[in-house]
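Structure at a glance
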Amino acid sequence: MIRLFKHYIPNAVLLLGLFDVCLLIVAGELGYTLRMGQLGLPVLPMAGRVPQLVTFAGSVELAMIAVGVYGASALQSLRHATARLLVAVSLGTIFLSVIYFALPTITFWRSNLLYSMMIAAVLLIALRILLGKTLGGQVFKRRVVVLGAGARAARLKALSQVPGSGFVVVGYVSMSESARVIPEAIARDAIYNLADHVVLLNASEVVLALEERRNALPLKDLLRIKTTGVHVNEISTFLERETGRVDLQSVNPSWLIFSDGFSSGRMLSSMFKRLFDIAASIILLTLTLPLILIVALSIKLESKGPAFYRQRRVGLYHVGFDCIKLRSMRQDAEVAGTAVWAEKNDPRITRIGRIIRKVRIDELPQTWSVLKGEMSFVGPRPERPQFVDDLEQQLPYYAERHMVKPGITGWAQINYPYGASIEDARQKLEYDLYYAKNYSPFLDLLILLQTIRVVLWPEGAR
């Protein structure tokens, strides 16, 4: 994997993205040439079309990222990839048409754009047909040796077998565990030189997955492995990179303290984030005000009660604030103010409420909280005080998620469906801790783009 702005990107995804950008530039040029030939006009040198080609390729590439073209499912399934590509090309066409009216000098004519988009769709799908499952197959997977044969090693084995996994385990070494669960593991005593063993397996990485590390670290072995050029990683760091989560089962306080992340030297990034929140919230409130009013009127007509409701939430540094949303449930959804998680097919949700929850329209009034500075567009979702008190008692490190300003969308929201249990809350907490640990404007941009995918393909909205 390649680490870009503190966020890991699989090599296969990066390579495919570079191929896609090249094909988009080719498609833009072919579309221009074809249209000029139809009109009988001369084809000018390509150097004079660099702004148009860059705008074309960049817009479609962003749309592809937004709809999940580079997700594991799209890499594994041609049908899935084709569907996402067609949606991405359509979104790119709409976006470029808007740019054309605002900045016509840096975009193609709309007739050129039509040809370029059609060619781009064909080329992008053809690339995936030619590559097949190569990019999601064994060729780009890292070869890993696991030191350990207990429950932690079993977790790595299960993760390696998940479709779209970025690594393959080529060997297990038992380090005298009392509870050995990997039958194919080779005992350390049976290996004369562990470093040579790792090199012979052509491994690129060794993961330390010991059940008990106290006085059990094979320091001499690890040093020799490291000097051969093979990466050595602790299981918590490895899982963070592979899953995009901070794994609560393996992590300990010392790892959180001494690992890279939670940097305080990000004043410039925080300032940029706040300026973006202010500008974007003003624009979004202005553009969506008619839609909010129409939905509010529909809610009033369907059921008794106010169209908007305020709900107390826990924000930055555990400070409470009132979150404003469009009402999607009956007015009597909660008896005596008792907080209740929403369930699948929850009968308390109104017909209008079910629609606006699916497309996240009920979240739009929260933009006012963003403008006031109580929330951000990107961050962990703020929870209700009753839930927070309960979860802090049951989940370790839950309070740490309040060290980051809450958001309308977040890393957990684009990676995990709606949760209504302690286990769901634990999974989402792992994503929230990853975001807090690895925050950067790049990660915020990626989350905002991927939120489009969540809106287009709602997963678990309740």
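Within every chain, residues take consecutive numbers counted from 1 along the sequence as written. Totals for whole chains, interfaces and linings use every residue, but because this is a predicted model, local features are given only for residues with pLDDT of at least 70 and side-chain atom pairs only at 80 or more, for both listing and counting. Side-chain metrics in this entry use all non-hydrogen atoms of the structure; hydrogen atoms and water are not considered.

A separate point is the overall build of the protein. In terms of regular secondary structure, the protein is built from 17 helices and 11 strands. Principal-axis analysis of the C-alpha atoms places the extent of the protein at approximately 70 × 70 × 40 Å. Note on exposure labels: buried denotes an accessible area under 20% of the residue type's maximum, exposed denotes more than 50%, and partly exposed covers the range between, all computed with a 1.4 Å probe on protein chains only. Expressed as a percentage of the 462 residues in the protein, the buried residues total 47%. Should any heavy atoms of two residues lie within 4.5 Å, those residues are considered in contact. Sequence-distant contacts, at least 24 apart, represent 73% of the contacts inside the protein between residues at least 6 apart. In this text, helices come from DSSP runs of H or I with a minimum length of four residues, and strands from runs of E with a minimum of two, each type numbered from the N-terminal end.

Once that is clear, we can look at unusual backbone geometry. Phi is positive for Asn202, close to 60°, though the residue is something other than glycine. Position of Asn202 among the secondary structure elements: in the loop between helix H7 (194-200) and strand S6 (205-208). Residue Asn202 is classed as exposed on the basis of its relative accessible area, which comes to 55%. Phi at Tyr317 takes a positive value of approximately 60°, unusual for a residue other than glycine. Secondary-structure assignment places Tyr317 in the loop between strand S8 (308-314) and strand S9 (320-326). The exposure class of Tyr317 is exposed, given its relative accessible area of 55%.

Along the chain, the position of Asp221 falls in helix H8 (residues 219-227). Each C-alpha atom of the pair Asp221 and Ala195 lies 6.7 Å from the other, and the pair is 26 residues apart in sequence. Ignoring any residue separated from it by four or fewer positions in sequence, one finds Asp221 in contact with Arg188 and Leu194.

A few words on the confidence of the model for the protein. Summary of the metric used: pLDDT quantifies the predictor's per-residue confidence within the range 0 to 100. Looking at the protein, the pLDDT average stands at 87 and 92% of residues meet or exceed 70. Here helix H3 (residues 72-76) stands out as the least confident element of the protein, with mean pLDDT 79; strand S10 (residues 376-378) is the most confident, with 95.

Now for the side chain of Arg381. Topologically, Arg381 is positioned in the loop between S10 and helix H14 (385-394). Apart from residues lying up to four places away in sequence, Arg381 is in contact with Arg313, Lys325, Glu363, Gln366, Met375, Arg401, Gly407, Ile408 and Gln413.

Judged by nonpolar contacts, the single largest core of 36 residues is most densely connected at Val246, Trp411, Tyr435, Leu443 and Ile447. Ranked by residue count, the leading element in this core is helix H16 (residues 422-437), at 7 residues. Residue contacts for Tyr435: discarding those within four places in its chain leaves Lys273, Val378, Gly379, Pro380, Val404, Trp411, Leu443, Asp444 and Ile447. Residue types Ala, Val, Leu, Ile, Met, Phe, Trp, Tyr and Cys, when buried and joined through side-chain atoms within 4.5 Å, form a set referred to as a nonpolar core.

Criterion used throughout: strands pair if DSSP finds at least two bridges between them. Here we have 5 strands laid out as an open sheet, ordered S5-S4-S3-S6-S7, and parallel in their pairing. At either margin of the open sheet sits one strand with a lone partner, and together these are strand S5 (186-187) and strand S7 (231-234). The pairing of S6 with S7 spans 4 bridges and is parallel. Residue Val206 lies in a different strand from S7, and its bridge partner there is Val232. Fitting a line to C-alpha atoms yields each axis, with helices limited to the stretch in contact; the angle taken between N-to-C directions then spans 0 to 180 degrees. Contacts between H8 and the sheet are confined to strand S3 (142-147), S6 and S7, with S7 contributing the most and set at about 135° to the helix.

Salt bridges are identified by distance alone: a Lys or Arg side-chain nitrogen within 4 Å of an Asp or Glu carboxyl oxygen. The full count for this structure, using the stated rule, is 21 salt bridges. A salt bridge links Arg381 to Glu363; the shortest N-O distance between them is 3.3 Å. Separated by 18 residues along the polypeptide, Arg381 in the loop between S10 and H14 and Glu363 in the loop between helix H12 (351-358) and helix H13 (367-372) bring together distant segments of the chain. Assessed through its relative accessible area of 14%, Glu363 is described here as buried. Where Glu430 meets Arg426, a salt bridge forms, and the shortest distance between an N and an O atom there is 2.7 Å. Of this pair, Glu430 and Arg426 both sit in helix H16, 4 residues apart, roughly one helical turn. The exposure class of Arg426 is buried, given its relative accessible area of 15%.

A large share of strand S4 (residues 167-174) lies buried, amounting to 6 of its 8 residues. Pairing of S3 with S4, which is carried by 6 bridges, proceeds in the parallel orientation. Opposite Leu147, over in S4, you have Val173 as the bridge partner. Convention used here: a crossover is right-handed provided that the path from the first strand, over the helix, to the second strand proceeds clockwise when the strands point away from the viewer. In this fold, S3 hands off to helix H6 (residues 151-160), which returns the chain to S4; that crossover is right-handed. The sheet contact formed by S4 and S5 spans 2 bridges and is parallel. By the bridge assignment for S5, Ser174 is matched with Ala187.

The next thing to look at is the packing of H6 against helix H9 (residues 235-243). Relative orientation of the contacting elements H6 and H9 amounts to 20°, with a least axis distance of 12 Å. One element, H6, and the other, H9, form an angle in the roughly parallel class. As for how H6 packs across H9, the hand of that crossing is left-handed. For the pair H6 and H9, contact is made by Arg152, Arg155, Leu156 and Leu159 and by Ile235, Phe238, Leu239, Glu242 and Thr243, respectively. Note on residue categories: nonpolar means Ala, Val, Leu, Ile, Met, Phe, Trp, Tyr, Cys or Pro, charged means Asp, Glu, Lys or Arg, and polar means any other residue, Gly included. Taken together, the residues that form the contact of H6 with H9 break down as 5 nonpolar, 1 polar and 3 charged. Working rule for angles: under 35 degrees goes down as roughly parallel, over 145 as roughly antiparallel, 65 to 115 as roughly perpendicular, anything else as oblique. Here a crossing is taken to be left-handed if its near helix is turned anticlockwise relative to the far helix by less than a right angle, and right-handed if that turn runs clockwise.

This paragraph deals with helix H11 (residues 267-302). At Thr288, H11 shows its strongest bend, of approximately 50°, with the proline Pro290 following within four residues. Within the sequence span of H11, burial applies to Lys273, Asp277, Ala280, Ser281, Thr288, Ile292, Val295, Ala296 and Ile299. The quantity called bend is, for any residue, the angle between two axes fitted respectively to the seven residues ending at it and the seven beginning at it.

Looking at where Thr243 falls in the secondary structure, it is placed in helix H9. For Thr243 and Ser116, which are 127 residues apart along the polypeptide, the C-alpha to C-alpha distance reads 36 Å. Not counting residues up to four positions away in its chain, the partners in contact with Thr243 are Leu159 and Tyr431. Polar contacts, as counted here, are pairs of nitrogen or oxygen atoms within 3.5 Å of one another; within protein the pair requires one atom able to donate a hydrogen and one able to accept it, and residues that are adjacent in sequence qualify only if both atoms are side-chain atoms. A polar atom in the side chain of Thr243 sits 2.5 Å from the backbone oxygen of Leu239. Among the polar contacts made by the side chain of Thr243, one reaches the main-chain amide nitrogen of Arg245 at a distance of 3.3 Å.

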